[in-house]
Amino acid sequence: MILVLDFGSQYNQLIARKVRQLNVFSQIVPFDFPVEQIRALKPEGIILSGGPASIYAPGAPRLAREVLELGIPVLGICYGLQATAHALGGHVAASPFREYGFAQLHVAQSDPLLDDVADGEQVWMSHGDSVERLPEGFVALARTANCPNTIVRHRARPIYGLQFHPEVHHTTHGVQMLSNFVLKICGAKPTWRMASFIESETAKIRERVGNRRVLCAVSGGVDSTTLSVLLRHAIGERLRCVFIDNGVLRHREAEQVCAQFRDDLGFEVELINAGRAFLDLLRGVVDPEEKRRRIGRKFIEVFLAELGPDDFLAQGTLYPDVIETVSTAGPSAHIKTHHNRVQEVLDLIKQDRVIEPLADLFKDEVRVLGDALGIPQRVLWRHPFPGPGLAIRILGEVTDERLAMLRQADVITIEEIRAAGLYDSIWQCFPVLLPIQSVGVMGDERTYEYTVAIRAVHSVDGMTADWSRLPYEVLARISNRIINETRGINRVVYDISSKPPSTIEWE
């Protein structure tokens, strides 16, 4: 087992997931987890996550020096490296050149950590501080143009530090470095499998539920679909699946989802049409956080009307939903409110009435789980769709007119992506309606209409993403059709930003 100490990074669970991909079990605990409890868990290695703080800021999380004296291999990542250096007497300072994004690694010394990692590798940086003076006994193994102590280690003890993030997809051989640390330096055995997850979660669900009933919120997406199949596997007929039409769905979404469950998965879903109630709540609202809060609360209000006094509420919450909303194990920063983490849900969690077996998984892991449960590939590889739906793809107020425009643009976008054979190679593709009107010319007449932005990204886990380089001819067909077939839109633009610094969704 590898223990991950959480210093607040948005990527801490991604570290644990990458370790699990090596078939080694990993567990996340707070940065100040008691040393005696670490010793009792007997981990083969410890990884210190990154974090948003500056080491000298008031209240910044600090690493207990005793952790470094356990004799267990340690790998500090970004802030984890800085915390290690600070604990051992090194000096951390604001970098003269802040690094965000890609950098080139220049290797100075060979080491088992760098086996099969070539000089000149691409790494992903995200830091404003860096280690200016190494602690006694440490040596630099590699550097980038702006950071002399990019990879460091203790000369005699298995204590390492990386200023970049090996866990993100954009570090070319980051997984190789993690593998070298976990399997070679720590000597962990690759014995953990997804089948272990199914077995353990099934047992946990059965123990918690007993003879009670579970109400499962389904959306047709891979998360809630996989959740429902896992629950059905665990508790059978005590599962009740409900789909809520919230009024901000895509064209024919409710009809298609109910048919998918019936025809592909073999069980029925109850449809509750509450669209008008949601749209009334959204009238006049422009702030994205307020949209999310209102939609989330209404979801819970509708579900509570269906929830019996002894029933559990099940949600397909994934870890990105959790860490972008509220810190769980460490001092992570709030990014945005997710509909499944509004106060009403948190209150139910305190009552121990919420079941979220997927809350420690990322999207790609959920697909592996779904495949193991026998869910068809066409269901597993459906593009993600946010809980707040089109409400957060319409910037500004949500109106019936704007919904009609965006639905039509969405149908056209997906049709053209599928026709080009690109759907399965793209993580997510969708249009966003902007609160911007511009001048155009149609039929020799002046128009003053809305703008649509097309967003298409490649990703592995949803935590980082890069914009898809769609062929110009595909973009041209999408633009031409949207402008010609959607009344009220006269301009189409393409979003070429990555995550980070942007998010995948616009709100």
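Residues numbered from 1 in each chain as written. Predicted model: local features only at pLDDT ≥ 70, side-chain atom pairs only at ≥ 80, totals over all residues. Heavy atoms only, no water.

Student: Tell me about the overall build of the protein chain, and name the residues and values.
Tutor: Helix and strand counts for the protein chain come out as 15 helices and 19 strands. Burial statistics for the protein chain: of 507 residues in total, 60% are counted as buried. Put simply, 74% of the contacts in the protein chain that link residues at least 6 apart link residues at least 24 apart. A total of about 20900 Å² of accessible surface is found on the protein chain, and carbon and sulfur atoms cover 50% of it. Taking the average location of the 55 positive side-chain charges in the protein chain and that of its 63 negative ones, the two points are 1 Å from each other. (Helix = DSSP H or I, 4+ residues; strand = E, 2+ residues; numbered from the N terminus. Buried < 20%, exposed > 50% of the residue type's maximum accessible area, 1.4 Å probe, protein only. Contact = heavy atoms within 4.5 Å. Areas by Shrake-Rupley, 256 points an atom, 1.4 Å probe, with all protein chains shown as cover. Lys, Arg positive; Asp, Glu negative; His and termini not counted. Charge placed at Lys NZ, Arg CZ, Asp CG, Glu CD.)

Student: Run through the sheet that holds strand β13 (residues 270–273), naming residues and quoting values.
Tutor: A sheet is described by the order of its strands in space; here five strands give the open sequence β13-β12-β11-β14-β15, paired in parallel fashion. Each edge of the open sheet is held by one strand with a lone partner, namely β13 and β15 (354–355). Looking at chain direction, strand β11 (residues 214–217) and strand β12 (residues 239–245) are connected through four bridges and run parallel. Residue pairing across strands places Ala217 opposite Val242, the latter belonging to β12. (Pairing = 2+ DSSP bridges.)

Student: Explain the nonpolar core to me, and be specific about the residues and the numbers.
Tutor: Within the largest apolar cluster, 85 residues are counted, with the highest numbers of intra-cluster contacts made by Val214, Leu231, Ile244 and Ile417. Leu231 has contacts with Ile205, Val214, Cys216, Gly236, Leu239, Ala314 and Ile355, leaving out every residue within four places of it along the chain. Listed in part, the 34 residues of the second largest apolar core include Leu114, Met177, Val182 and Cys186. (Core = buried A, V, L, I, M, F, W, Y, C linked by side-chain atoms within 4.5 Å.)

Student: Go over the pairing of β11 with me, naming the residues and quoting the values.
Tutor: Judged by which residues are buried, β11 turns out to be covered on both faces: Val214 and Cys216 on one side and Leu215 and Ala217 on the other are all buried. The handedness of the β11 to β12 crossover, carried by helix α6 (residues 222–235), is right-handed. Judged from the three bridges that link them, β11 and strand β14 (residues 312–314) form a sheet pairing that is parallel. When the sheet's bridge partners are listed, Val214 is paired in β14 with Phe312. (Right-handed = clockwise from strand over helix to strand, strands pointing away.)

Student: Account for the pattern of salt bridges, naming residues and giving values.
Tutor: Per the counting criterion, the structure on display carries 31 salt bridges. Here Glu201 and Lys204 are joined by a salt bridge, their closest N and O atoms 3.4 Å apart. Here Glu201 and its partner Lys204 are both found in helix α5 (residues 194–209), three residues apart, which amounts to about one turn of the helix. By relative accessible area, which is 12% here, Glu201 ends up buried. Given a relative accessible area of 48%, Lys204 falls into the partly exposed group. Among the ionic pairs, Arg250 bridges to Glu253, the shortest N-O distance being 2.9 Å. The same class applies to Arg250 as to Glu253, namely buried. Several salt bridges share partner residues, and in doing so they unite Glu415, Glu416, Arg477, Arg481 and Glu485 into one network. (Salt bridge = Lys/Arg side-chain N within 4 Å of Asp/Glu carboxyl O.)

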